[in-house]
Amino acid sequence: MLPLVDSVFYWSDLFGTAVFAFSGVLVAGRLRMDGFGVIVLAAVTAIGGGTIRDLIIGAERVFWVTNSVYLWVILGTALLGLYVVRLPRRLPWYILPLADAFGLALFTVIGADKALSHGTSGMVAVVMGVITGVAGGMIRDVLAREVPMVLQREIYATACILGGILYTGSLALGLPALLATGLGMLGTFVLRVAAIRWHLSLPAFSLTR
């Protein structure tokens with residue numbers, strides 16, 4: 001059973017990498033970047049968060065250095081994205097947000113799990129889950145000279161925090177790892193989708209004179 005679960009997680013991780021990379025392609029296209037710019041934004045969005053996480057927790061090697069398949073997925077997504085965005089008929093508007101929410105949920109749990117496997121506390125693991133999920137998008141937005149979405153009122157990082165707490169808390173309570181994974185991913189996914197569906201947002205902080 002465990003090898004099957006690991007296989008599902010691996011392929012889901014590659015799918016999430018492709019989804020995040022495609023969001024980078026869309027931003028690059030909106031800014032009319034050249035092919036190199038498209039690949040750069042696709043790459044930083046897809047693997048930026050995981051790279052920062054691995055460097056912070058002291059992993060022996062950054063995950064995409066060990067497994068270059070991630071780089072091939074990013075390159076393939078970028079090249080395919082250059083073609084797809086020019087098609088007259090595009091995917092329904094909700095497909096990419098739903099896929100992004102799934103990728104966010106998966107990256108959050110993977111980030112928290114990898115932090116725990118390197119001996120961090122539960123709180124640090126939650127932070128690493130958030131970094132894995134949102135840091136790549138933050139780098140993308142900074143390169144695009146935009147205020148990162150997670151620093152605005154959008155419920156994005158908050159969904160990661162919820163998922164990370166559910167995952168680490170479930171493990172601390174002694175629940176099976178598979179159940180803890182499901183709860184963590186479900187919490188992140190449901191909150192993110194609910195925010196998209198009902199336009200939920202956090203209250204803004206404003207200084208008035």
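Starting afresh in each chain, residues are numbered from 1 along the sequence in its written order. The predicted origin of the model limits local features to residues at a pLDDT of at least 70 and limits the giving and counting of side-chain atom pairs to 80 or more, whereas totals for whole chains, interfaces and linings rest on all residues. Note that water and hydrogens are dropped before the side-chain values are worked out from all heavy atoms of the structure.

## Observations regarding the overall build of the protein chain
Here a strand is any run of E in DSSP of at least two residues, a helix any run of H or I of at least four, and the numbering for each starts at the N terminus. Helices and strands together make up the secondary structure of the protein chain, namely 8 helices and 0 strands. For the protein chain, the α and β elements follow one another from N to C terminus as α-α-α-α-α-α-α-α. Since a compact globule built from 209 residues should have a radius of gyration of about 17 Å, the 17 Å found for the protein chain is in line with a globular shape. With the principal axes as the frame, the protein chain shows a C-alpha extent of 50 × 50 × 30 Å. Think of it in three bands: with a 1.4 Å probe and only protein chains considered, a residue is buried below 20% of the maximum accessible area for its type, exposed above 50%, and partly exposed in between. Looking at the protein chain residue by residue over its 209 residues, the buried ones come to 43%. Contacts were defined at the residue level, with two residues in contact if any of their heavy atoms lie within 4.5 Å. Partitioning the contacts of the protein chain with sequence separation of at least 6, the portion at a separation of at least 24 is 73%. The protein chains shown are the only cover counted for residues, whose accessible areas, like all others here, come from Shrake-Rupley with a 1.4 Å probe. Total accessible area on the protein chain is roughly 11,900 Å²; 70% of this is exposed by carbon and sulfur atoms. Values of the radius of gyration come from C-alpha atoms, whereas the globule rule sets the reference at 2.2 Å times the count of residues to the power 0.38.

## Describing a nonpolar patch on the surface
By definition, no residue in a patch forms a salt bridge, and every one has over 30% relative accessible area; like charges are joined within 9 Å, nonpolar side chains (Val, Leu, Ile, Met, Phe, Trp, Tyr) within 5 Å. A carboxyl oxygen of Asp or Glu within 4 Å of a side-chain nitrogen of Lys or Arg is what we treat as a salt bridge. Taken together, the side chains of Leu162, Leu166, Leu173, Leu175, Leu179 and Leu183 present a nonpolar region at the surface, about 490 Å² in accessible area. Elements with a contribution of two residues or more to the nonpolar patch: α7 (157-172) and α8 (177-198). One can find leucine 179 in helix α8. Overall, leucine 179 belongs to the partly exposed group, its relative accessible area being 42%.

## Some words on the environment of glycine 164
Looking at the element boundaries, glycine 164 is found in helix α7. Taking the C-alpha atoms as reference points, glycine 164 and isoleucine 74, 90 residues apart in sequence, are found 26 Å from one another. With sequence-adjacent residues up to four places away left out, glycine 164 is seen in contact with Thr108 and Val126.

## Comments concerning the UniProt feature "transmembrane region" (unreviewed entry) in the protein chain
UniProt positions are given in the numbering used here, feature names are shortened, and annotations may be inferred rather than shown by experiment. Within the UniProt annotation, "transmembrane region" (unreviewed entry) is assigned to residues 12-29, 36-56, 62-84, 91-110, 122-143 and 155-173. Secondary structure across residues 36-56 divides into 100% helix and 0% strand, with the first and last C-alpha atoms of the span separated by 28 Å.

## A few points about the packing of helix α5 (residues 95-117) against helix α6 (residues 122-143)
Note on geometry: axes are C-alpha line fits, over the in-contact stretch for helices, and angles between N-to-C directions span 0 to 180 degrees. Running from amino to carboxyl end, α5 crosses α6 at an angle of 140 degrees, the nearest separation of the two axes being 7 Å. One way to sum up the angle between α5 and α6 is to call them oblique. The hand of the α5/α6 crossing is right-handed. Together, Leu104, Phe107, Thr108, Gly111, Ala112, Ala115 and Leu116 of α5 and Gly122, Ala125, Met128, Gly129, Thr132, Gly133 and Val134 of α6 make up the contact between the two elements. Residue polarity follows a fixed list, in which Ala, Val, Leu, Ile, Met, Phe, Trp, Tyr, Cys and Pro are nonpolar, Asp, Glu, Lys and Arg are charged, and the others, Gly among them, are polar. Per-class residue counts for the contact of α5 with α6 are 8 nonpolar, 6 polar and no charged. Angle categories: roughly parallel below 35 degrees, roughly antiparallel above 145, roughly perpendicular from 65 to 115, and oblique for all the rest. In a left-handed crossing the near helix is turned counterclockwise from the far helix by less than a right angle, and in a right-handed crossing that turn is clockwise.

## Remarks on the packing of aromatic side chains
A pair of aromatic rings is counted whenever rings of Phe, Tyr or Trp (Trp by its six-membered ring) have centres within 6.5 Å, and the orientation is called stacked for planes under 30 degrees apart, edge-to-face for over 60 and tilted otherwise. Enumeration over the complete set of coordinates arrives at 6 aromatic pairs. On the basis of an interplanar angle of 70 degrees and a centroid distance of 5.7 Å, the ring pair of tyrosine 10 and tryptophan 11 is categorised as edge-to-face. On the basis of relative accessible area, tyrosine 10 is assigned to the partly exposed category, the value being 27%. On the basis of an interplanar angle of 55 degrees and a centroid distance of 4.8 Å, the ring pair of phenylalanine 20 and phenylalanine 107 is categorised as tilted. Of this pair, phenylalanine 20 sits in helix α1 (residues 2-30) while phenylalanine 107 sits in helix α5; the two residues are 87 residues apart in sequence, bridging distant segments of the chain. Of the aromatic side chains, those joined through ring pairs into one cluster are Tyr10, Trp11, Phe63 and Tyr70.

## Concerning the nonpolar core
Ranked by size, the top nonpolar core spans 30 residues in total, and within it Phe20, Ala42, Ala46, Ile74, Leu104, Val134 and Tyr156 carry the most contacts. Those elements giving two or more residues to this core turn out to be α1, α2 (35-57), α4 (69-84), α5, α6 and α7. With residues up to four places along the chain from it excluded, the contact list for valine 134 reads Leu104, Val150, Tyr156, Ala157 and Cys160. Counting residues in each nonpolar core, the second largest holds 14 residues, with Ile57, Ala105, Val109 and Ala112 among its members. Only buried residues count toward a nonpolar core, which is a set of Ala, Val, Leu, Ile, Met, Phe, Trp, Tyr and Cys residues joined through side-chain atoms within 4.5 Å.

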